[in-house]
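The chain contents come next:
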Amino acid sequence: MRIAVASDDGISIAGHFGRCAGFLIFDVENGDASKFEYRINSFGHHQHGQHEHEHGHDHVHGEGHHSHDGFIGALADCQAVICRGMGRGAVDALAANGIKPAITAENISAQDAAKLYAQGDLKASTDSTCCSH
């Protein structure tokens with residue numbers, strides 16, 4: 001199983017899927033999670049001044065289409081992605097492309113999260129949340 005974990009520092013779980021610095025990619029076999037690679041988030045749609053609406057946590061969109069295609073393509077070889085927060089659009093786009101989103105509040109390392117997820121023991125949900133607090 002291959003699992004992506006949003007991370008800003010290459011160790012811990014990032015607060016938000018779309019705004020993270022990159023993704024740690026783990027291959028999980030026989031109960032062990034080994035780091036495969038780190039993928040820089042150059043496809044993040046929040047990088048160029050787009051913000052969330054203060055009250056409803058909705059994304060502010062112009063007239064163009066808000067797409068998660070960059071994330072989908074970059075994580076296409078992963079079966080799951082773990083983070084601390086993710087918007088509803090990202091949750092739906094990932095799920096529609098066979099990538100299971102897992103939003104967790106556990107205070108553990110990215111590697112431990114990947115291992116626990118693969119074992120079915122990570123406390124996580126697919127409930128959309130844009131905030132890690």
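Structure shown above.
Bear in mind that the values here come from a model prediction, so they are computed numbers and not experimental data. (Residues numbered from 1 in each chain as written. Predicted model: local features only at pLDDT ≥ 70, side-chain atom pairs only at ≥ 80, totals over all residues. Heavy atoms only, no water.)

Engineer: Please clarify how the overall build of the protein should be interpreted in this entry.
Structural biologist: Secondary structure summary: the protein contains three helices and six strands in total. Out of the 133 residues belonging to the protein, those deemed buried represent 44%. Taking as baseline every contact in the protein between residues at least 6 positions apart, the subset at least 24 positions apart corresponds to 51%. Counting every atom, the protein has about 7,000 Å² of accessible surface; 47% of that belongs to carbon and sulfur. (Helix = DSSP H or I, 4+ residues; strand = E, 2+ residues; numbered from the N terminus. Buried < 20%, exposed > 50% of the residue type's maximum accessible area, 1.4 Å probe, protein only. Contact = heavy atoms within 4.5 Å. Areas by Shrake-Rupley, 256 points an atom, 1.4 Å probe, with all protein chains shown as cover.)

Engineer: Help me out: how do you make sense of the pairing of strand S5 (residues 100-104) in this one?
Structural biologist: In the case of a regular strand, side chains alternate between the two sheet surfaces. In terms of burial, S5 is a largely internal element, four of the five residues being buried. Direction of pairing for strand S4 (residues 80-83) relative to S5: parallel, over a ladder of four bridges. Residue pairing in the sheet places Ile 82 in a bridge with Ala 102 of S5. Since S4 and S5 lie parallel, the crossover through helix H2 (residues 88-96) that links them has a hand, and here it is right-handed. Two strands pair when backbone bridges link them, and S5 and strand S6 (residues 124-125) are joined in this way by two bridges, in the antiparallel orientation. Considered in S6, the bridge of Ile 103 is made with Ser 125. (Pairing = 2+ DSSP bridges. Right-handed = clockwise from strand over helix to strand, strands pointing away.)

Engineer: In this structure, what is going on with the pairing of strand S3 (residues 32-40)? I would like to understand it.
Structural biologist: Sheet topology places strand S2 (residues 22-29) next to S3; eight bridges connect them, and they run antiparallel. Bridge assignment links Leu 24 to a residue of S3, and that residue is Tyr 38. Remark: two residues form the turn of the hairpin made by S2 and S3, two consecutive strands paired antiparallel; Asn 30 in that turn has positive phi of roughly 50°.

Engineer: Would you take a moment to explain unusual backbone geometry for this structure?
Structural biologist: Leaving glycine out, the prevailing phi sign among residues is negative, and the prevailing peptide bond configuration is trans. Phi is positive for Asn 30, close to 50°, though the residue is something other than glycine. As for its position among the elements, Asn 30 is in the loop between S2 and S3.

Engineer: It is not clear to me how H2 should be interpreted in this structure. Could you clarify?
Structural biologist: For an α-helix, the turn length of 3.6 residues means that residues three or four places apart are oriented alike. Ala 90, Val 91, Ala 93 and Leu 94 are the residues of H2 that are buried. Where H2 is buried, its residues touch helix H1 (69-74), S4 and S5. The first or second residue beyond H2 is Gly 98, which carries a positive phi of 80°.

Engineer: Is there a simple way to think about the sheet that holds S3 in this case?
Structural biologist: Strand pairing in a sheet relies on backbone hydrogen bonds, with the paired strands running either antiparallel or parallel. Judged by pairing direction, the sheet is mixed, and its six strands sit side by side in the order S3-S2-S1-S4-S5-S6 without closing on themselves. Strands with a single pairing partner mark the edges of an open sheet, and in this sheet they are S3 and S6. Note that strand S1 (residues 2-7) and S4 share three bridges and pair parallel. What sits directly across from Val 5, in S4, is Ile 82. Against the sheet, helix H3 (residues 110-119) contacts S1, S2, S3, S4 and S5, and its axis sits at roughly 45° relative to S2. (Axes fitted to C-alpha atoms, helices over the stretch in contact; angles between N-to-C directions.)

Engineer: Help me understand the state of the cysteines, please; the structure alone is not making it clear to me.
Structural biologist: Here the structure, examined in full by the defined rule, presents zero disulfides. Between Cys 20, a free cysteine, and Cys 83, which holds the nearest cysteine sulfur, the sulfur-to-sulfur gap is 8.1 Å. (Disulfide = S-S within 2.5 Å.)

Engineer: How should I be thinking about the packing of aromatic side chains in this particular structure?
Structural biologist: Aromatic ring pairs: the centre-centre distance and the angle between the two ring planes describe each pair. Under the defined criterion, the tally for this structure stands at three aromatic pairs. With a centroid separation of 5.5 Å and 55° between ring planes, the pair formed by Phe 17 and Phe 23 is classed as tilted. Look at Phe 17 and Phe 71: their rings are 4.6 Å apart centre to centre, the planes differ by 40°, and that puts the pair in the tilted class. In this pair, Phe 17 is assigned in the loop between S1 and S2 and Phe 71 in helix H1, connecting sequence segments 54 residues apart. Ring pairing ties together the aromatic residues Phe 17, Phe 23 and Phe 71, which thus form one cluster. (Phe/Tyr/Trp six-rings, centres within 6.5 Å; stacked < 30°, edge-to-face > 60°.)

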